[in-house]
Amino acid sequence: MSFKIAFIGAGSLVFARTLFTDILSVPEFHKIQVAFTDINPDNLEKTRALCQRDLDANQIPIKILATTDRKDAFRDARYIINCVRIGGLEAFETDIEIPLKYGVDQCVGDTLCAGGIMYGQRVIAEMLNFCRDIKEVAEPGAIMLNYSNPNAMATWACNKYGGVKTIGLCHGEIHGELQIAEVLGIPREELDIICAGINHQTWYISVKHHGEDMLPKLLDGFEHHRKFSQEEKVRIDVLKRFGYYSTESNGHLSEYVAWYRKRPEEIREWINLDNWIHGETGGYLRVTREERNWFETDYPKILKEEPKKLDGSERGKEHCSYIIEALETGRMYRGHFNVMNEGCITNLPFECVTEVPCYVDGNGISVPKVGDLPLGCAAVCSQSIWVQKLAVEAAVHGDVNLLKQAALLDPLTGAVCNPPEVWQMIDEMLVAQEKWLPQYTEAIQAAKENLSKGNLIPTKDYHGAARLREKTPKEVAAEHHARKITV
């Protein structure tokens, strides 16, 4: 087979190389064209060198094109895989640190809450530029497979305003399925699971084993599981009160609703610090910084490691490669993707992005109708959808009023902050992120004037209820080594 795939944000070594390994594990894809693009030429070259070495070691005759000119990468591409983080760690730090001054304590801050809303403003502005270039130079009908967060907002904007068919991909539901299998003591392959909702707030609405309903057994299974009972306290509490298990990690879920992180003295009751993903303050920011420092320090050692095997033995579970394989070979694949709703979930808005079961084969991507979500689950999702809609429209049109309304209506932000605090916080974040927000030029000037007038609302010297020390590159390298030994 001969077609072209372009990776944007290819300087993200671990994730880009993982997806690359998955795709090149398909035997029919050993003669495709591959292009990598990134704004950081150093990271881009490092990823290219590692992936090219993997190809050469497996005797696959592909030469990767690596370029900082994304149009060159997109030219004639059939698939564009997007995994960018607009603003990088510099902007990400302001997503976490500025809201903390106002008492908004986030674990991740990339999907909802104050950080996710502002991240959406940056990523949507740039992804619409990607769409423009894709329409101009890529293969007609090219598909963008989007891994960038906030996934629902970005996928929504690209489909509605970018004019490029965009499928949002996430692995949250895969991990939850494995947890469910473990607490039930049943192999995953024997379970029939339907998951539906919105990205990072998706619900396992049906779990069956040979036709038997397993949902009534989940609460007892999770509450008495030695590990999950300690790590997933928020998810278990939501399961107890709503009747359905949520796909997303404890830390993620805790910041999407109003109840678990609004009082600093209570946060530690709901989280676990064995791993950042269970609720640590700024946990994802910490590990992202650690991974960047490790990569920069240990790259020469990484280059000396054994090349990846591209024979299928190291292929992961990310949806991306399986979607492309199904579309190109006709082999059917079933997975949960983020798509425009358009009536799939009947008690959520027609215009929103839902994460639902989809089927892929040579005829394309099919989205079966799910019907109604359980009412409580739909209500939780609906709160977030309205925040997403306001944030999408704000990002596209540079509408600062909609932006501030999105933050005010966000469940956790609204639980912690009053309206004047939200307005001041967003002004501060706009000014801090000015260079990534071209659509807000006038609003940022007004924000600067607002902040210079004095009489500001006092902020807190608060660094989070559950902050951990950043590890050294040596410590991170030791963890990577230990994981490889374990595997």
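- Labelled according to an unreviewed UniProt entry, the protein appears under the name Alpha-glucosidase/alpha-galactosidase, originating from Candidatus Choladousia intestinavium.
- Here the protein is described in UniProt, under the heading Sequence similarities (unreviewed entry), as follows: "Belongs to the glycosyl hydrolase 4 family."
- As recorded by UniProt, the Subunit (unreviewed entry) comment attached to the protein reads in full: "Homotetramer."

Concerning the packing of helix α5 (residues 113-137) against helix α16 (residues 400-409)
Part 1 of the argument: Where α5 meets α16, the axes come as close as 9 Å, and the angle between the chain directions of the two elements is 150 degrees. In terms of their interaxial angle, α5 and α16 are classed as roughly antiparallel. Considering only the axes of α5 and α16, their crossing is right-handed. Facing α5, whose interface residues are Ile117, Met118 and Gln121, α16 presents Leu403, Ala406 and Ala407.
Part 2 of the argument: Along the lines of polarity and charge, the residues of the contact of α5 with α16 split into five nonpolar, one polar and no charged.

Quick word on the pairing of strand β7 (residues 191-198)
Part 1 of the argument: In terms of burial, β7 is largely enclosed, as six of its eight residues are buried.
Part 2 of the argument: Across eight bridges, β7 lies against strand β8 (residues 201-209) in antiparallel orientation. Each bridged residue has a counterpart across the sheet, and for Cys195 the counterpart in β8 is Tyr204.
Part 3 of the argument: Hairpin geometry of β7 and β8 is characterised by an intervening segment of two residues between the two adjacent antiparallel strands and by a positive phi of about 70 degrees at His200.

Considering the UniProt feature "binding site: substrate" (unreviewed entry) in the protein
Part 1 of the argument: Mapped onto the present numbering, the UniProt feature "binding site: substrate" (unreviewed entry) falls on Asn149.
Part 2 of the argument: Assignment of secondary structure puts Asn149 in the loop between β5 (143-146) and α6 (151-162).
Part 3 of the argument: Asn149 gets classed as buried once you look at its relative accessible area, which sits at 16%.
Part 4 of the argument: Excluding its chain neighbours within four sequence positions, the residues that come into contact with Asn149 are Asp110, Thr111, Tyr119, Val123, Asn199 and His200.
Part 5 of the argument: At 3.1 Å, the side chain of Asn149 forms a polar contact with the side chain of Asp110.

A closer look at the packing of helix α4 (residues 88-101) against α5
Part 1 of the argument: At a minimum axis separation of 9 Å, α4 and α5 run at an interaxial angle of 150 degrees. Classified by the angle between their axes, α4 and α5 sit roughly antiparallel to one another. Remark: the crossing between α4 and α5 carries right-handed chirality. In this structure, α4 contributes Ala91, Phe92, Asp95 and Pro99 to the contact, and α5 contributes Ala114, Gly115, Met118, Tyr119 and Arg122.
Part 2 of the argument: Considering only residue class, the contact of α4 with α5 consists of six nonpolar, one polar and two charged.

Rules of the game
- Residues numbered from 1 in each chain as written.
- Predicted model: local features only at pLDDT ≥ 70, side-chain atom pairs only at ≥ 80, totals over all residues.
- Heavy atoms only, no water.
- UniProt positions renumbered as here; feature names shortened; annotations may be inferred.
- Axes fitted to C-alpha atoms, helices over the stretch in contact; angles between N-to-C directions.
- Helix = DSSP H or I, 4+ residues; strand = E, 2+ residues; numbered from the N terminus.
- Parallel < 35°, antiparallel > 145°, perpendicular 65-115°, else oblique.
- Left-handed = near helix turned anticlockwise from the far one by under 90°.
- Contact = heavy atoms within 4.5 Å.
- Nonpolar A, V, L, I, M, F, W, Y, C, P; charged D, E, K, R; others polar.
- Buried < 20%, exposed > 50% of the residue type's maximum accessible area, 1.4 Å probe, protein only.
- Pairing = 2+ DSSP bridges.
- Polar contact = N/O pair within 3.5 Å; in protein donor to acceptor, adjacent residues only side chain to side chain.

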